[in-house]
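Each chain is listed here by its residues.
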Amino acid sequence: MQIFSGNVALREYLKSIMTPESTIGFVPTMGALHQGHLALMQKSLQENQFTVVSIFVNPTQFNNPEDLAKYPRTLDQDVEKMTALSPEIIVFAPTVADIYEGNTQSQSFDFDGLENQMEGQFRPGHFNGVGTIVKRLFEIVTPTNAYFGEKDFQQLQIVKKLVEKNKLPVTIVGCPIFREANQLAMSSRNERLSPTERQEAAVIYTILKTAKEKFKTQSTTVVGEWVKKAFLKQPLFTLEYFVIANEATLLPCARKNKTKNYRAFIAVFINNIRLIDTISLH
Ligand code: PAF
């Protein structure tokens, strides 16, 4: 398995193996790889001649220093998992200095308002950090296709907007959420949960599925109130937000319109660990 930390070394290697017909699939990650990441890699391996995976815990997208400090960093195990999947994966694991060259700051982006909802409200600056790193990684890796999970649905829409607005020559491929046996959405943060918390966290998706059922016949407000009450009965959890939004604009749904597709988004804390999930309502 080829592993690079420097941008120049990675660029030179890619240049040496590529022909004009070659395609590069790219899976950007922050490491602590789980089955969901591996499924993105599998898809990229199937659809491209080369697959590059980046492992980089991007400081500029963390608004909470404790969250950044505690984010799991497990490069050796990650490399083992990727080798088992395919030794042909090309790994890019840069340092903060490699990426930011002494200026660890985000660029400021206008994503046509997609950045102001949900995660944008509760994690100020988060999407400027995501936009900065994704754009930088695209410049270095020059992918043909890039793969993102739908668990971070808002991020996926924002990355599509980044590509559209900056006319970047890459196709963004959204991939379905992978869930643990108890239906908890897979996330690197799940590693920080105790076994009991991890088991109990199944309630997040159970509540989302019930909310989906209720949305068929009830208003957004009634469904939202029901979700709030449901979490009050869960002492381990604190609900940060539950929002039903238009999938394309991410604007909250005030009144249902049959011609629009809606999606529910949720963020909850369990013992200071923040988990998000989402479900399509159509
Ligand atoms: O989804 C993630 O893991 C990160 O936000 C990403 C896309 C790798 C950028 O740091």
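The structure displayed is predicted, hence computed values, not measured ones.

A. Structural context of the overall build of the chain. Counting secondary structure elements, the chain contains 11 helices and 9 strands. Relative to the 2.2 N^0.38 estimate, which gives 19 Å for 282 residues, the radius of gyration of the chain is 19 Å and therefore close to what a compact globule would have. Expressed along its principal axes, the backbone C-alpha trace of the chain runs to roughly 60 × 40 × 35 Å. Across the 282 residues that make up the chain, the buried fraction comes to 53%. A separation of at least 24 residues holds for 72% of the contacts in the chain among residues at least 6 apart in sequence. On the chain, roughly 13500 Å² of surface is accessible, and the fraction owed to carbon and sulfur atoms is 51%. Between the averaged position of the 31 positive side-chain charges in the chain and that of its 28 negative side-chain charges there is a distance of 9 Å.

B. Structural detail: the sheet that holds strand E8 (residues 262-270). Strand order across the open sheet formed by 3 strands is E7-E8-E9, with antiparallel pairing between neighbours. A single partner strand is all that each edge strand has here, and the edge strands are strand E7 (237-246) and strand E9 (273-280). Taken over all neighbouring pairs, the strand axes of this sheet differ in orientation by 15° on average, direction set aside. In the sheet, E8 pairs with E9 via 8 bridges, with the strands oriented antiparallel. Across the sheet, residue Ala267 finds its bridge partner in E9, namely Ile276. Taken strand by strand, helix H10 (residues 202-215) contacts E7, E8 and E9, and its axis lies near 30° from that of E9. Across the face of the sheet, helix H11 (residues 220-232) comes into contact with E7 and E8 while running at roughly 165° to E7.

C. Looking closely at the UniProt feature "binding site: beta-alanine" (unreviewed entry) in the chain. When the UniProt feature table is mapped onto this chain, "binding site: beta-alanine" (unreviewed entry) is found at Gln61. Of the polar contacts made by the side chain of Gln61, one reaches the side chain of Asn58; its length is 2.9 Å.

D. A look at the pattern of salt bridges. All told, the structure shown has 21 salt bridges when counted by the stated rule. For Lys151, the salt bridge is made with Asp152, and the minimal N-O distance between the two is 4.0 Å. Residue classification places Lys151 among the buried positions, given a relative accessible area of 15%. With its nearest N and O atoms 2.8 Å apart, the salt bridge here joins Lys216 to Glu213. Among the residues examined, Glu213 registers a relative accessible area of 46% and is labelled partly exposed. Members of the salt-bridge network, linked through shared partners, are Asp110, Asp112, Lys161, Glu164 and Lys165.

E. View of the packing of H10 against H11. Running from amino to carboxyl end, H10 crosses H11 at an angle of 155°, the nearest separation of the two axes being 10 Å. Relative to H11, the element H10 lies roughly antiparallel. Where H10 crosses over H11, the handedness of that crossing is right-handed. Judged by residue contacts, Ile204, Ile207, Thr210, Ala211, Lys214 and Phe215 of H10 engage Thr220, Val223, Trp226, Val227, Ala230 and Phe231 from H11. Partitioned by chemical class, the residues of the contact of H10 with H11 number 9 nonpolar, 2 polar and 1 charged.

F. How the structure looks around the nonpolar core. Core analysis: the largest hydrophobic core is formed by 41 residues, its most contacted members being Phe138 and Ile172. A total of 8 residues in this core trace back to one element, the largest contributor, which is helix H7 (residues 126-141). Here Phe138 is in contact with Phe26, Pro143, Ala146, Phe148, Val159, Val163, Leu168, Val170 and Ile172, once residues within four sequence places are set aside. Judged by nonpolar contacts, the second largest core, of 27 residues, contains Val227, Ala230, Tyr262 and Ile270.

G. Inspection of the site of the ligand at higher detail. Taken together, Pro28, Thr29, Met30, Asn58, Gln61, Ile133, Phe148 and Gln155 make up all the residues around the ligand. Gln61 has a polar side-chain atom sitting 2.6 Å from an oxygen atom of the ligand. At 2.7 Å, a side-chain N or O of Gln155 approaches an oxygen atom of the ligand. In isolation the ligand exposes 290 Å². Once the protein is present, 88% of that is buried.

Here is what the cut-offs are and how they apply
- Residues numbered from 1 in each chain as written.
- Predicted model: local features only at pLDDT ≥ 70, side-chain atom pairs only at ≥ 80, totals over all residues.
- Heavy atoms only, no water.
- Helix = DSSP H or I, 4+ residues; strand = E, 2+ residues; numbered from the N terminus.
- Rg over C-alpha atoms; globule rule 2.2 N^0.38 Å.
- Buried < 20%, exposed > 50% of the residue type's maximum accessible area, 1.4 Å probe, protein only.
- Contact = heavy atoms within 4.5 Å.
- Areas by Shrake-Rupley, 256 points an atom, 1.4 Å probe, with all protein chains shown as cover.
- Lys, Arg positive; Asp, Glu negative; His and termini not counted.
- Charge placed at Lys NZ, Arg CZ, Asp CG, Glu CD.
- Pairing = 2+ DSSP bridges.
- Axes fitted to C-alpha atoms, helices over the stretch in contact; angles between N-to-C directions.
- UniProt positions renumbered as here; feature names shortened; annotations may be inferred.
- Polar contact = N/O pair within 3.5 Å; in protein donor to acceptor, adjacent residues only side chain to side chain.
- Salt bridge = Lys/Arg side-chain N within 4 Å of Asp/Glu carboxyl O.
- Parallel < 35°, antiparallel > 145°, perpendicular 65-115°, else oblique.
- Left-handed = near helix turned anticlockwise from the far one by under 90°.
- Nonpolar A, V, L, I, M, F, W, Y, C, P; charged D, E, K, R; others polar.
- Core = buried A, V, L, I, M, F, W, Y, C linked by side-chain atoms within 4.5 Å.
- Near = heavy atom within 4 Å.

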